[in-house]
Amino acid sequence: MAEDNHDAATRLIHEIGERFDPLCQNPEMGPKRDELSPGLRVCIHRNYAIYYRIIPSGLVILRVLHGARDTTSQFDPK
């Protein structure tokens, strides 16, 4: 997308970023993905998955991946 339309890519980045505040307010809203990595959760935005972990001070965003990506190769299942 970024190669084709810089403005659209910038809008998408902002849209994904806007999902972070609701996640911080309700970190357990995303379903668990322990099969990929212990404590991992996911929040979907359009065709993208925001992978994160809840930590004592809030949460940490680990990856934002397109839904077509092979997620099993992106995380350590240990």
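Report follows, based on the coordinates. Please read all numbers here as calculations on a predicted model, not as lab measurements.

### Side note on the sheet that holds strand E3 (residues 58-66)
At step 1: The strand order across the open sheet built from 3 strands is E1-E2-E3, with neighbouring strands paired in antiparallel fashion. Looking at the sheet topology across the chains shown, the edges are occupied by strand E1 (40-45) and E3. When strand polarity is set aside, the average angle formed by the axes of neighbouring strands in this sheet is 30°.
At step 2: The pairing of E1 with strand E2 (residues 48-55) spans 6 bridges and is antiparallel. Across the sheet, residue Ile-44 finds its bridge partner in E2, namely Ala-49.

### Overview of unusual backbone geometry
At step 1: Even without being glycine, Arg-46 reaches a positive phi, approximately 50°.
At step 2: Here Arg-46 is to be found in the loop between E1 and E2.
At step 3: The class for Arg-46 is exposed, based on a relative accessible area of 52%.

### Examining the pattern of salt bridges
At step 1: Inspection of the entire model under this criterion finds 2 salt bridges.
At step 2: Between Glu-35 and Arg-33 there is a salt bridge, with its nearest N and O atoms 2.5 Å apart.

Cut-offs and rules
Residues numbered from 1 in each chain as written. Predicted model: local features only at pLDDT ≥ 70, side-chain atom pairs only at ≥ 80, totals over all residues. Heavy atoms only, no water. Pairing = 2+ DSSP bridges. Helix = DSSP H or I, 4+ residues; strand = E, 2+ residues; numbered from the N terminus. Axes fitted to C-alpha atoms, helices over the stretch in contact; angles between N-to-C directions. Buried < 20%, exposed > 50% of the residue type's maximum accessible area, 1.4 Å probe, protein only. Salt bridge = Lys/Arg side-chain N within 4 Å of Asp/Glu carboxyl O.

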